[in-house]
Amino acid sequence: MSGNSPAVDEEHSRPEGVDDATVEALGELSKALETIHRVRGHLYSAHQLVGGADLTLDRVVELLREAGHDDVADRVERELLGRNVLPGRWTFQIMEEFDDGYYAAFQEIERYAREKLAGGRRHIYEAEMKARRRTPGMLGHEATPDE
């Protein structure tokens with residue numbers, strides 16, 4: 001990486017005076033935030049899967065009762081149906097805490113770092129990498145959609 005690396009467009013260009021280490025650090029912070037976005041998606045998947053499994057238990061209880069297994073149906077109904085996944089929490093509560101706490105803080109700090117160190121510009125590291133790795137003039141290697 002070079003401090004003079006061109007970017008693919010002005011929106012993603014390195015502001016004057018921003019060094020390689022800063023661009024790399026912001027790139028890594030952006031990558032970490034992208035990972036947290038994926039974690040959030042996985043948590044929402046878990047939230048929906050747990051909710052679906054809990055709703056399926058209604059049918060399980062019904063089938064067990066029809067088959068004459070009231071003792072097992074009673075235990076499923078009493079101990080599993082509507083059970084907290086963590087002490088005092090259903091998954092929606094976990095999601096709200098994650099979104100309002102860790103996730104919100106991570107997004108805010110990443111935004112703060114970009115504003116303070118690079119004029120708010122995003123993906124400078126990636127834009128410079130794209131500029132280095134593409135073949136100008138080659139179909140499929142355009143710098144921007146307008147090129």
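Structural notes, computed from the coordinates. Just so we're clear, the structure is a prediction, and the values are computed from it rather than from any experiment. (Residues numbered from 1 in each chain as written. Predicted model: local features only at pLDDT ≥ 70, side-chain atom pairs only at ≥ 80, totals over all residues. Heavy atoms only, no water.)

Details of the side chain of R134
The line we're drawing: Think of it this way: any DSSP run of H or I at least four residues long counts as a helix, any run of E at least two long counts as a strand, and we number them from the N terminus. Within 3.5 Å is the distance limit for a polar contact, defined as a pair of N or O atoms, with the added protein rule that one can donate a hydrogen and the other accept it, and that residues adjacent in sequence qualify only through two side-chain atoms. Here, two residues are considered to be in contact whenever any of their heavy atoms come within 4.5 Å of each other.
By the secondary structure assignment, R134 is in the segment after α4 (124–133). At 2.4 Å, the side chain of R134 forms a polar contact with the backbone oxygen of H141. A polar contact of 3.4 Å, which involves the side chain of R134, links it to the side chain of E147. Ignoring sequence-local partners within four residues, the contact set of R134 consists of H141, E142, A143 and E147.

Comments concerning empty space enclosed by the protein
In this approach, a probe sized like a water molecule rolls over the atoms, and the result shows the empty space that is left. Quick note on the threshold: Of the grid points, spaced at 1 Å and generated over the protein atoms alone, those admitting a 1.4 Å probe that cannot get out make up cavities, while open sets with protein on both sides within 12 Å along at least five of seven lines make up pockets; any residue with an atom within 4 Å of a point is treated as lining. Grid points are joined across faces, edges and corners, and a volume is the space filled by probe spheres set on the points. Under the convention adopted here, Pro, Cys and the residues Ala, Val, Leu, Ile, Met, Phe, Trp and Tyr are nonpolar, Asp, Glu, Lys and Arg are charged, and Gly plus all remaining residues are polar.
What the rule picks out here adds up to one cavity of 30 Å³ or more. What the largest cavity holds in volume is close to 60 Å³. Considering the residues around the largest cavity, the lining is formed by V23, L26, G27, S30, E110, R114, R121, R122, H123, I124, Y125 and E126. Only α1 (20–66), α3 (91–118) and α4 provide two or more residues apiece to the lining of the largest cavity. Per-element accounting of the lining of the largest cavity gives the leading share, four residues, to α1. Classifying every residue of the lining of the largest cavity by side-chain character gives four nonpolar, three polar and five charged.

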